Amino acid sequence: MLERIQETANYLRNKMQTRPETAIILGTGLGSLAEEITDKNEILYKDIPNFPVSTVEGHSGKLIFGRLGGKDIMAMQGRFHYYEGYSMKEVTFPIRVMRELGIKNLFVSNASGGTNPNFKIGDLMIITDHINYFPEHPLRGRNIPYGPRFPDMSEAYDKEFIRMADTIAQERGIHVQHGVYLGTQGPTFETPSEYKLFHILGADAVGMSTVPEVIVARHCNIRVFGVSVVTDLGVEGKIIEVSHEEVQKAADAAQPKMTEIMKEMIKRIS
Ligand code: HPA
């Protein structure tokens, strides 16, 4: 495992002209941040040794090295989902490669169904915490010596990043929600009873990603900031049929706000 991570990191290091400390994972329908990246050097997942290849429509599958907010960054356009059939080791493989490349901060984004009755479609939810509802734990198995066997998760989402995002949102008149993201395996969207269950469990939004990557990032001591775009509502009385297309459309409408916040945060990170 470690050898494969290092092999991939070495391949990328040879192609990189920069030394980014911040990485961004662009979720479903949230790829337009990539258009703001300048001095781009793009590498397709299919050309990267040991990288899984993403299969879902709307996930184009490439690593982007470039500049954003005056800093070197790297971005993943498209991620690997458990429901695609990848193991958790594969889903989180890029995070460990990031760790080898010297990444210190990880910004994650996703689309989700809101279970909080105060949420509206198109809301940006700053993730304050998560609930791991996946059937397999990404750290199951021999401990990779990037971190402890029993990692702390008391502050999975960096409080300083959350404060920074709130300040920026306030300065720019961007309305944001805060909440707990529950990650489940998918690929079905929830039944009304499942949305209700997840809300009772403490979730404000539910989606099919992010949690595995965040767990592995924290194991590697990478600081995490997460944003979820509420693309549909799992709230009694407001539940309507959901499709991947609608999720993408709602995410698309919300993404300029997310881009603005993330770009400004990168500018302010010292
Ligand atoms: N449930 C799970 N995943 C999702 C949803 C949802 O309602 N919306 C977008 N991703």
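Peer 1: Mind showing me how you'd approach the overall build of the chain here?
Peer 2: Secondary structure summary: the chain contains seven helices and nine strands in total. For a compact globule of 270 residues, the expected C-alpha radius of gyration is about 18 Å, and the chain comes in at 17 Å, within 12% of that figure. The dimensions of the chain, computed from C-alpha atoms along their principal axes, are 55 × 40 × 35 Å. Within the chain, the fraction of its 270 residues that count as buried is 57%. Looking at the chain alone, contacts between residues at least 24 apart form 83% of all its contacts between residues at least 6 apart. When the accessible surface of the chain is summed, it comes to about 11700 Å², and 48% of that surface belongs to carbon and sulfur atoms.

Peer 1: Which parts of the structure should I look at to understand the site of the ligand?
Peer 2: Close to the ligand lie Ala111, Ser112, Gly113, Phe189, Glu190, Tyr195, Val206, Gly207, Met208, Thr231, Asp232 and Val247. Here a nitrogen atom of the ligand and a backbone polar atom of Gly113 are 3.3 Å apart. Protein chains shield 96% of the accessible area of the ligand, which is 260 Å² for the free molecule. Elements with a contribution of two residues or more to the shell around the ligand: strand S5 (105–114), strand S8 (205–207) and strand S9 (223–233). Of the residues forming the shell around the ligand, the biggest block, three residues, is contributed by S5. Classifying every residue of the shell around the ligand gives six nonpolar, four polar and two charged.

Peer 1: Honestly, the pairing of strand S3 (residues 62–68) in this entry has me stumped. Any pointers?
Peer 2: Regular strands place their side chains on alternate faces of the sheet. With six of seven residues buried, S3 is to be regarded as a mostly interior element. Pairing geometry for S3 and strand S4 (residues 71–77), over seven bridges, is antiparallel. Residue pairing for S4: Leu63 is matched across the bridge by Met76. Connecting the antiparallel pair S3 and S4 is a turn made up of two residues, with Gly69 showing a positive phi of about 55 degrees.

Peer 1: Could you clarify how one ought to interpret the environment of Thr210 in this entry?
Peer 2: By the element assignment, Thr210 lies in the loop between S8 and helix H6 (211–219). Taking the C-alpha atoms as reference, Thr210 lies 19 Å from Glu194; in sequence the two are 16 residues apart. Thr210 has contacts with Arg79, Val108, Ser109, Asn110, Ile127, Tyr157 and Tyr181, leaving out every residue within four places of it along the chain. There is a polar contact of 3.0 Å between the side chain of Thr210 and the side chain of Ser209.

Peer 1: Explain a nonpolar patch on the surface here, please?
Peer 2: Taken together, the side chains of Tyr133, Leu197 and Leu201 present a nonpolar region at the surface, about 260 Å² in accessible area. Looking at where Leu197 falls in the secondary structure, it is placed in helix H5 (residues 192–201).

Peer 1: Mind showing me how you'd approach the packing of aromatic side chains here?
Peer 2: What describes a pair of aromatic rings is the distance from one ring centre to the other and the angle between the planes of the rings. Scanning the entire structure with this criterion turns up nine aromatic pairs. Taken together, a centroid distance of 5.3 Å and an interplanar angle of 50 degrees make the contact between Tyr45 and Phe51 tilted. For the pair Tyr45 and Phe51, one class covers both residues: buried. Judged by centre distance (5.2 Å) and plane angle (45 degrees), the ring pair of Tyr45 and Phe80 falls under tilted. Taken as a pair, Tyr45 in the loop between strand S2 (38–44) and S3 and Phe80 in the loop between S4 and helix H2 (88–91) lie far apart in primary sequence, 35 residues in all. Through successive ring pairs, a cluster of aromatic residues spans Tyr45, Phe51, Phe80, Tyr86 and Phe93. Cation over ring: Arg223 sits above Phe161, and NZ or CZ is 4.2 Å from the ring centre.

Peer 1: So what exactly am I meant to see when it comes to helix H4 (residues 159–171) here?
Peer 2: Side chains three or four residues apart in an α-helix point the same way, a direct result of the helix having 3.6 residues per turn. Taking 1.5 Å of rise per residue, the 13 residues of H4 would be expected to cover 18 Å, and the 18 Å separating its terminal C-alpha atoms lies within 8% of that figure. If you check which residues of H4 are buried, you get Phe161, Ile162, Met164, Ala165, Ile168 and Ala169. Buried residues of H4, viewed axially, fall in a sector of 160 degrees; they line one side. Exposed and oriented more than 90 degrees from the buried face of H4 are Arg163 and Gln170. The elements touched by buried residues of H4 are S5, strand S6 (124–132), strand S7 (176–183), S9 and helix H7 (244–268). At the N-terminal boundary of H4, the capping side chain belongs to Asp158, with an oxygen 3.0 Å from the backbone nitrogen of Glu160. Just downstream of H4 lies Gly173, where phi reads positive at about 65 degrees.

Peer 1: Explain the side chain of Thr8 here, please?
Peer 2: Structurally, the position occupied by Thr8 is in helix H1 (residues 2–15). Take Thr8: its relative accessible area is 0%, and that puts it in the buried class.

Peer 1: Looking at this model, I keep getting lost on the pattern of salt bridges. Mind explaining?
Peer 2: Two side chains that carry opposite charge are able to pair once their charged atoms sit near each other. Summed over the entire model, instances satisfying the criterion amount to 15 salt bridges. The salt bridge partner of Lys263 is Glu36, with a shortest N-O separation of 2.9 Å. Of this pair, Lys263 sits in helix H7 while Glu36 sits in the loop between strand S1 (22–26) and S2, and the two are 227 residues apart along the sequence. On the basis of relative accessibility, which here comes to 35%, the residue Glu36 falls in the partly exposed class. Overlapping salt bridges, with partners in common, bring together Glu171, Arg172, Glu260, Glu264, Lys267 and Arg268 in one network.

Thresholds, definitions, all that
Residues numbered from 1 in each chain as written. Predicted model: local features only at pLDDT ≥ 70, side-chain atom pairs only at ≥ 80, totals over all residues. Heavy atoms only, no water. Helix = DSSP H or I, 4+ residues; strand = E, 2+ residues; numbered from the N terminus. Rg over C-alpha atoms; globule rule 2.2 N^0.38 Å. Buried < 20%, exposed > 50% of the residue type's maximum accessible area, 1.4 Å probe, protein only. Contact = heavy atoms within 4.5 Å. Areas by Shrake-Rupley, 256 points an atom, 1.4 Å probe, with all protein chains shown as cover. Near = heavy atom within 4 Å. Polar contact = N/O pair within 3.5 Å; in protein donor to acceptor, adjacent residues only side chain to side chain. Nonpolar A, V, L, I, M, F, W, Y, C, P; charged D, E, K, R; others polar. Pairing = 2+ DSSP bridges. Patch = residues over 30% accessible without salt bridge, like charges linked within 9 Å, V, L, I, M, F, W, Y side chains within 5 Å. Salt bridge = Lys/Arg side-chain N within 4 Å of Asp/Glu carboxyl O. Phe/Tyr/Trp six-rings, centres within 6.5 Å; stacked < 30°, edge-to-face > 60°. Lys NZ or Arg CZ within 6 Å of the ring centre and 35° of its normal. Expected span 1.5 Å × (residues − 1). Arc of directions from axis to C-beta.

Any link to function would need more than the numbers given here.
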